[in-house]
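Single-letter residue listing:
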Amino acid sequence: MEEVFDIRTAPFSSWIGFAPVIIIGIGVLFEIARRHRALRTIARDGTSDVRPIALLACAVVLMINGVMILGYRREKQELIEALDSGRARVIEGTISDYRRQSGSPKRMESFQLEGVRFSFDGYGTTPAYHRRASTDGKLRDGVRLRLWEYRGNILRLEILDSLATPTK
């Protein structure tokens, strides 16, 4: 048996979801820096509202990022409590109909286990399992595993027979 994922020990792994906020913040800073020389001179003299606007924009970006991180942590705690309290459903079987996530943001990685379809966004911002097969995911058709699920979130994965795990 090989443990592939456990939400209780999983590190923060959804930086891609927060990248747009960081990019917006950097973009705001570059836009302010790009302004023409006269505007920078006015800002240096303190006779313009550019500094307060820049400060406000940075504060908004930081608040949005903070809210996203707090939401992530709150969701992770809820999912850990569901796993620890036994509210998560355990399904054991062999993966079938594994579908890789395409480049399209609308298509999700998915597979079937004992007649239940599971899907996840490999680029997602969830603390639950979301490793794509094309990166470091170990799930493939024919892999036998045990899965803990709560409200569609994969909380824990164990490969039952690592020798039967197909290669890429």
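Structural data are supplied above this passage.
Parameters and conventions
Residues numbered from 1 in each chain as written. Predicted model: local features only at pLDDT ≥ 70, side-chain atom pairs only at ≥ 80, totals over all residues. Heavy atoms only, no water. Helix = DSSP H or I, 4+ residues; strand = E, 2+ residues; numbered from the N terminus. Buried < 20%, exposed > 50% of the residue type's maximum accessible area, 1.4 Å probe, protein only. Polar contact = N/O pair within 3.5 Å; in protein donor to acceptor, adjacent residues only side chain to side chain. Contact = heavy atoms within 4.5 Å. Pairing = 2+ DSSP bridges.

A. Main features of the side chain of Arg-156. Positionally, Arg-156 belongs in strand β6 (residues 153-159). When its relative accessible area of 17% is taken as the criterion, Arg-156 is described as buried. Of the polar contacts made by the side chain of Arg-156, one reaches the side chain of Glu-3; its length is 3.4 Å. Among residues more than four places away in sequence, those in contact with Arg-156 are Glu-3, Phe-5, Asp-6, Arg-8, Leu-83, Arg-146, Leu-147 and Trp-148.

B. Summary view of the pairing of strand β3 (residues 109-113). Most of β3 sits inside the fold, with four of its five residues counted as buried. Both strand β2 (residues 89-99) and β3 contribute to a ladder of three bridges, which runs antiparallel. Within β3, the position partnered with Ile-95 by the bridge is Leu-113. Bridge count for β3 against strand β4 (residues 116-120) is five bridges, and the pairing is antiparallel. Looking across to β4, one finds that Gln-112 is bridged to Arg-117. In sequence, β3 turns back onto β4 through a hairpin of two residues, with Glu-114 there showing a positive phi of about 55 degrees.

C. Region of the structure containing the side chain of Thr-126. Within the secondary structure layout, Thr-126 lies in the loop between β4 and β5 (144-150). Among the residues examined, Thr-126 registers a relative accessible area of 19% and is labelled buried. In terms of polar contacts, Thr-126 uses its side chain to reach the side chain of Glu-75, at 3.5 Å.

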